[in-house]
Amino acid sequence: MNLDLSAEQMAVRELFADLFANESTPERIRAAEPLGYDPALWAQLIGTGALGIAVPEGLGGAGAGLLELVLLAEEAGRRLASIPIAEVLASVRLLAEFEARDLLEESMSGAKLVSLATGTASLADQILADGAVADYVIALDGERLVVLARPAVVRHLTNAGSLPMARWHDATEVTELAVGSRARQSFDVACDEVRILRSALLVGLSFEAIEIGAAYARVRRAFGLPIGGYQAVAHPLADAIVATDGAQLLTWKACWAAASRHATAPSLASMAFIFAGQTACFAAQHSLHIHGGYGFMAEYDIQLYFRRSKAWQTIFADPQLELHGLADRRFGPVLADMAGDVS
Amino acid sequence: MDFAEPENWSAIRAEAEAFVAEHVTDDMIREELATGDGVSRPLLRALGQRGWIAATWPVAEGGAGLDGFEASIIAATIRLAGGPTIGQGTTMLPANAIRALASEPLKQRILPSVAAGETLICLGYTEPEGGSDVFACRTKAVADGDSWVINGQKMFTTFAHLADFCFLLTRTDPESHGPRGLTMFLVPMDTPGIERQAVRTMGYERTNIVFYKDVRVSDFYRVGDVNDGLRVMRVALEAEQNIAPASKTTQLFNTALAWAQTPDRSGRRMIDSPAVRERLARFAIDAEVAELLGHRVAFIEQIGGKPGPHAALFGPESYVAWAAAVIDMVGPAAMIAWSDDEAVSGGSFEYHFRSAVASTIYGGSSEVLRSLIAEQRLGLPRSRPRTTQA
């Protein structure tokens, strides 16, 4: 057991911590609203070679793994980076897996933005996380894993979390990556990577939401004392930081299990997503609450974290449904219909 | 980054299981259930022979040179089998403080016999009017020549009726209040003037109220300097708060999952019920998180850091929540006690429901741990007023 990051991984974390701290300031986040996309930040991220981090060297990448992407996502989450992260990083790994060299090259260089449709409904019935800004999405179409091009008309859906989300009607197929069980398997792995990367985004968000709340509670006074000295304010923050530590460990373990092809990998990906989502939403909600009326003001940053925590979770899945998915993965399939049964 | 269970853990678990098969007998388990003492002398001696009482101490000092996690695997394995673990676990808290801060002659008198499983030490911190506020101590020790005369009362002194010594917090400066002016003693429990009163708990555990009336203790048994008890207590309390509680949440989860996967008389598996699946999925997450936070404690200790009370907060809190939720999930049969033949899963659910609630109280109440985390990790102001008045 070793829970430390390597020197290289620490360097990756530091690189992105600096990038997002400098380039995803609250002013930049607000300027990118309501679309939730900051093209300059996107260009800067591309400039670091971020999209190739976990692509094999033979395909023009850096040959690192999912954990490095998780570290990137945590830092992006901490600063609410207004750019596509989870679905795009998972897509680039799918393109690498199928050696779709042209698209891979276009994606890594930033020439085209390739995202992932994580739903299994028909594409027109999905709300795509990056739909308003993506050029292509990879989608599962029945038995086939395909790449679709952005339709001529795409309408951004203005939303609570300022995500660049949109529906794609009449998207045209560009290429087929795989068919049959291979298509399904690869799609499932990519969706688990999205779960893990979304967990990482939410972990970063949660840490910063707690820090914003704690910083406020250290200086804001009421009834003659800083409010952080009142247990009703302080104790939920303590619960939140403990849970966030747990969510981070769970995310890292899910990453390790995926990389080492451990049998528990799918369960851990589900667990990480559910727990990180629940934790981030709780942390942001309590942190906002202790700001009193100020937390409700658009001018205060905590409201950005509150809105984004819910959005980053629910754009992928209803956590309640994910629990049933986790049950299937962890306990095996349901063998008898007991839906109406009372013991 | 590597989350694989290290080989030494699986190795020590296998050794501990073999040890349990040999030494934790059915009679011992039944006696523990009946008495709730938390102590078995034969088990202590057997552990002592293996160096497994003070397992983290060097072999030369009677230990086994294990790391903290290996030691906690041994305790968890005994507990899983239903053997008593409170005696040895509790004894090691003062033993480690004595090892760090006591005089050489006292160390030589006590530590080898602790490691051998011959000496049991109970804890005398809490008083009727001071629980979490442990430094609201009123038990007095007054110097008289080469000895001290102690008067006072302590609450919840588990296995006081079996212990050889009590690690006793006293006030030696009568003018002092709060954490100053305190001194620690190791009081031999056969000293005249000590009276024990049994306290039954709802969780099958027996504990005691202990009265100290003109109890005379030689200065030899003082631990640390006079009026410097705070420092000694810090060492002992930190050890307790940082304990990686090889999570009982996981133990309960495994029992609940086994219940759900086992077909009942009509062949139904409750794991097929959506309501059960959903709860067990949530339970599995909490158990995993409790384990991971515990592992992190072990890892940080191994690299020489201070882990903080995170695991000691999340583990027991999740344990209490699930011990109650499992009763709902399993239904009325979950409430049948182990002593009845119709008990489900050996009465585990009833037992956990009764005993879990104490885990968020002893060893630092959750409120105290949350305050420590808020102060140490988040830089928030202290949320408990300092004692300024008696």
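Please read all numbers here as calculations on a predicted model, not as lab measurements. (Residues numbered from 1 in each chain as written. Chains lettered and ligands numbered in written order. Predicted model: local features only at pLDDT ≥ 70, side-chain atom pairs only at ≥ 80, totals over all residues.)

### A short note on the overall build of chain A
Alright, step 1. Assigned secondary structure in chain A consists of eleven helices and six strands.
Alright, step 2. Expected size for 343 residues packed as a compact globule is a radius of gyration near 20 Å; at 20 Å, chain A falls within 12% of this value.
Alright, step 3. Based on the C-alpha atoms only, the size of chain A along its principal axes is roughly 65 × 60 × 45 Å.
Alright, step 4. In chain A, once contacts between residues fewer than 6 apart in sequence are set aside, the share between residues at least 24 apart is 70%. (Helix = DSSP H or I, 4+ residues; strand = E, 2+ residues; numbered from the N terminus. Rg over C-alpha atoms; globule rule 2.2 N^0.38 Å. Contact = placed C-beta atoms within 7 Å.)

### Points about the sheet that holds strand β4 (residues 172-179) of chain A
Residues and elements named next belong to chain A.
Alright, step 1. Strand order in the open sheet formed by four strands is β1-β2-β3-β4, with mixed pairing between adjacent strands. Every interior strand has two partners, whereas the edge strands, β1 (114-116) and β4, have only one. For this sheet, the mean inter-axis angle between neighbouring strands, taken without regard to orientation, is 30°.
Alright, step 2. As paired strands, strand β3 (residues 144-149) and β4 are joined by six bridges and run antiparallel to one another. Bridge assignment links A149 to a residue of β4, and that residue is T172. (Pairing = 2+ DSSP bridges. Axes fitted to C-alpha atoms, helices over the stretch in contact; angles between N-to-C directions.)

### Quick notes on the packing of helix α9 (residues 265-289) of chain A against helix α11 (residues 319-331) of chain A
Each pair of packed helices can be described by the angle between their axes along with the distance between the axes.
Residue and element names in this part refer to chain A.
Alright, step 1. Interaxial distance between α9 and α11 falls to 9 Å at its minimum, and their mutual angle equals 155°. One finds that α9 runs roughly antiparallel with respect to α11. Relative to α11, the crossing made by α9 is left-handed. For the pair formed by α9 and α11, the contact residues are P266, S267, S270, M271, F273, I274, G277 and Q278 on the first element and P319, E322, L323, G325, L326, R329 and R330 on the second.
Alright, step 2. Taken together, the residues that form the contact of α9 with α11 break down as seven nonpolar, five polar and three charged. (Parallel < 35°, antiparallel > 145°, perpendicular 65-115°, else oblique. Left-handed = near helix turned anticlockwise from the far one by under 90°. Nonpolar A, V, L, I, M, F, W, Y, C, P; charged D, E, K, R; others polar.)

### Some details on the interface of chain A and chain B
Alright, step 1. In this complex, chain A contributes 43 residues to the contact, which on the side of chain B involves 42 residues.
Alright, step 2. Put simply, the parts of the chain that give the side of chain A that touches chain B at least two residues each are α7 (181-219), α8 (231-259), α9 and α11 of chain A.
Alright, step 3. A per-element tally of the side of chain A that touches chain B places α8 of chain A first, with 15 residues.
Alright, step 4. Taken together, the residues that form the side of chain A that touches chain B break down as 29 nonpolar, eight polar and six charged.

### Thoughts on the nonpolar core
Alright, step 1. Residues V70, L197 and A272 of chain A together with V187 of chain B are the most contacted members of the largest nonpolar core, which totals 235 residues.
Alright, step 2. At 19 residues, the largest contribution of residues to this core is made by α7 of chain A.
Alright, step 3. The residues contacting V70 of chain A, other than those within four sequence positions of it, are I196, L197, A200, T251, W252 and C255 of chain A. (Core = buried A, V, L, I, M, F, W, Y, C linked by C-beta atoms within 7 Å. Buried ≥ 20, exposed ≤ 12 C-beta atoms within 10 Å, placed from the backbone.)

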